[in-house]
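Topology and contacts: notes
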Amino acid sequence: MLETLSARLQAIATRLRGQARLTEADLDMALREVRLALLEADVHFRVVKTFVARIRERAIGSAVLDGVRPGHQVVKLVHEELVDILGGERHVLRLGPPPGPAVVLLVGLQGSGKTTSAAKLAVRLRRDGHRPLLVAADVYRPAAVEQLVRLGEQVGIEVVTGPTGTPPASIAEAGLTAARNGGADVVIVDTAGRQHMDQPMMAELEGLASALQPTESLLVVDAMTGQEAVRVAETFHASLPLTGLILTKMDGDARGGAALSIRTVTGVPIAYVGTGEGMDALEAFHPDRLAQRILGMGDILTLVERAQEGMDREEAERAAQRMLESRFTLEDFRSQLQQVKRMGPIGQLFEMVPGAAGLGGAAQAALDDGELRRVEAIIDSMTPTERREPHLIKAARRRRIAAGSGTSVAHVNRLLRQFEEMQKLVRQLGSGGSRPGPAPRLPGR
Ligand SMILES: Nc1nc2c(ncn2[C@@H]2O[C@H](COP(=O)(O)OP(=O)(O)OP(=O)(O)O)[C@@H](O)[C@H]2O)c(=O)[nH]1
Ligand SMILES: [Mg+2]
């Protein structure tokens, strides 16, 4: 459902990640695209506005985080803010403490999926070790009671019913009694939906709520209705304090902005999402997992954290300073390599980069530890003077270094050529070079 948004954000993220430097203009452009992608996905404009503003503020505030590429950092910020608008922590239903069965009241508009979700929720709670019982408090249509009874039979969970016309509160009371007698610890109450929100329905639900004192009042909303779902939730919440939401039909093909807006606009957390008609198609809602899925992040967070741990901040700053002053030597370069090595085997890091894991062996080989070790060995075989002044290294010295490091003259040549290119690039940047160039290629790649 969020596939289009996901694809667009991933494209932006991929581009940002490749960036060694990020100017404020780059950030603006990226955020403009993020904004468009969210609006296109039907995310509420107020949510979009706050979202983008917070990322800009945090990105600028944390401009030089330790040892991590700024592009990565921005992606991390986008992820964190996504998790935040999705509700942060997972909302776990409060169903205790015993004695007395906990009451879960399900409310919502007609056709939103209340009855189906009631049965699904019972199945899920039973799997979590509870003993649920269902109550058919939709007393206006015999067919509605019949529907819940059938579902109850299908999943093997008791359904308490009453004759058509019984006040909903009386049936619910009967349900509580049945639960106490039968040892059920959760009573799930399915209520009648209306086509529109109207005063009588609200009054009935308020009456039901004050009679039952539900521990959880969950609004069931159809995610396919988009921003309408957000409006419905706002209105409901105003007269019947909700504790959580069940977003149904997330398997549909709507744009999905409702899922991203509803928590922030209403302040009510999403507890579950319905992802199909089957009885097992109800998932606990995890803000962080959805955010990761939207961004196609793979294990990028782990990667960023590892980079932050592996890099010695002061050493990195010193190296950057020396680069700008054109005093960056092969010695500095070697110490940078050692930092990269501290982050763990390169191949493993590679696996964690979304999209990169699929790249073939060629790319892997170019980045493998063997190559890094070879570069290090070559630098180790130089004298301190040679490391500081590589231009001194002529043919005879190259042969000595190759022999000393167990490599070949061709390897030494390549390393020196690449280092020289890198220095040239750094000089351009240091001399007030206006455009940020591509990341200097590490020798050995
Ligand atoms: N694809 C899909 N269909 C769903 C989902 N949840 C419910 N449905 C379908 O939506 C339709 C309406 O579901 P109900 O559970 O009867 O809705 P309700 O809110 O109880 O409706 P009323 O009792 O008439 O107010 C049914 O055909 C369900 O199978 C879902 O997560 N995904
Ligand atoms: Mg129903």
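So, here's what we can say about the structure. This structure is a prediction, so every number in the text was calculated from the model and none was measured.

Here the focus is the nonpolar core. In terms of nonpolar packing, the biggest core is built from 75 residues, with Phe-51, Leu-82, Phe-236 and Leu-247 touching the most fellow members. With seven residues, helix H4 (residues 70-85) is the single largest residue contributor to this core. Setting aside its immediate chain neighbours within four residues, Phe-236 contacts Val-107, Gly-108, Leu-109, Met-197, Met-201, Met-202, Leu-205, Leu-219 and Leu-242.

Here we come to the packing of helix H7 (residues 168-182) against helix H8 (residues 199-212). The N-to-C vectors of H7 and H8 enclose an angle of 30°; their axes lie 9 Å apart at closest approach. As far as their axial angle goes, H8 and H7 are roughly parallel. Read as a crossing pair, H7 and H8 show a hand that is right-handed. Judged by residue contacts, Pro-168, Ala-169, Ala-172, Glu-173 and Leu-176 of H7 engage Glu-204, Leu-208, Ala-211 and Leu-212 from H8. Counted by class, the contact of H7 with H8 contains seven nonpolar, no polar and two charged residues.

Further remarks concern the environment of Gln-292. The residue Gln-292 is located in helix H11 (residues 287-295) in this model. Relative accessible area serves as the criterion here: at 28%, Gln-292 is assigned to the partly exposed category. Each C-alpha atom of the pair Gln-292 and Leu-82 lies 8.8 Å from the other, and the pair is 210 residues apart in sequence.

This part is about H8. Taking 1.5 Å of rise per residue, the 14 residues of H8 would be expected to cover 20 Å, and the 20 Å separating its terminal C-alpha atoms lies within 8% of that figure. Those residues of H8 that sit buried are Met-201, Met-202, Glu-204, Leu-205, Leu-208, Ala-209 and Leu-212. Projected down its long axis, H8 carries its buried residues within an arc of 160°, all on one side. Along H8, exposed side chains directed more than 90 degrees from the buried face belong to Gln-199, Pro-200 and Ser-210. Turning to H8, the residues buried within the fold contact strand E1 (102-107), H7, strand E4 (186-190) and helix H9 (227-239). Put simply, Asp-198 is the residue that caps the front of H8, since its side-chain oxygen is 3.0 Å from the backbone nitrogen of Met-201. With its phi angle positive at about 45°, Gln-213 sits one or two positions after the end of H8.

Topologically, Leu-208 is positioned in helix H8. On the basis of relative accessibility, which here comes to 1%, the residue Leu-208 falls in the buried class. Measuring from C-alpha to C-alpha, the distance between Leu-208 and Ala-169 comes to 5.4 Å, with 39 residues separating the pair along the chain. Beyond its immediate stretch of four places on either side in the chain, Leu-208 contacts Leu-105, Pro-168, Ala-169, Ala-172 and Thr-191.

The N-to-C vectors of helix H2 (residues 24-40) and helix H3 (residues 45-61) enclose an angle of 160°; their axes lie 10 Å apart at closest approach. With respect to their mutual orientation, H2 and H3 come out roughly antiparallel. Here the hand of the crossing between H2 and H3 comes out right-handed. Facing Glu-24, Leu-27, Asp-28, Leu-31, Val-34, Arg-35, Leu-38 and Leu-39 of H2, the residues of H3 in contact are Phe-45, Val-48, Phe-51, Val-52, Ile-55, Arg-56, Ala-59 and Ile-60. In terms of residue class, the contact of H2 with H3 is built from twelve nonpolar, no polar and four charged.

Basis of the calculations
- All residue numbers refer to positions counted from 1 along the written sequence of the respective chain.
- Labels are handed out in written order, letters beginning with A for the chains and numbers beginning with 1 for the ligands.
- A pLDDT threshold of at least 70 governs which residues receive local features in this predicted model, and a stricter bar of 80 or more applies before side-chain atom pairs are shown or counted, although totals over entire chains, interfaces and linings include all residues.
- Remark: hydrogens and water are excluded; side-chain values derive from all non-hydrogen atoms of the structure.
- Take the buried residues of types Ala, Val, Leu, Ile, Met, Phe, Trp, Tyr and Cys, join any two whose side-chain atoms come within 4.5 Å, and each joined set is a nonpolar core.
- Each residue gets one of three labels from its accessible area relative to the maximum for its type: buried under 20%, exposed over 50%, partly exposed in between, using a 1.4 Å probe on protein chains only.
- Secondary structure elements are taken from DSSP: a helix is a run of H or I of four residues or more, a strand is a run of E of two residues or more, and numbering for both begins at the N terminus.
- Throughout, a contact is declared for two residues whenever any of their heavy atoms are within 4.5 Å.
- Orientation is described by lines fitted to C-alpha atoms, with helices fitted over the stretch in contact, and by angles between N-to-C directions that extend from 0 to 180 degrees.
- Relative orientations are named as follows: roughly parallel for angles under 35 degrees, roughly antiparallel for angles over 145 degrees, roughly perpendicular for angles from 65 to 115 degrees, and oblique for any other angle.
- Working rule for handedness: look at the near helix, and if it is turned counterclockwise from the far one by less than a right angle, call the crossing left-handed; if clockwise, right-handed.
- Following the grouping adopted for this structure description, the nonpolar residues are Ala, Val, Leu, Ile, Met, Phe, Trp, Tyr, Cys and Pro, the charged ones are Asp, Glu, Lys and Arg, and the polar ones are all others, Gly among them.
- Here a helix's expected span is defined as the number of its residues, less one, multiplied by 1.5 Å.
- Think of the arc as the fan of directions from the helix axis to the C-beta atoms.
- Think of a polar contact as two N or O atoms within 3.5 Å of one another; within protein, one of them needs to be a possible hydrogen donor and the other a possible acceptor, and neighboring residues in sequence only count if both atoms come from side chains.

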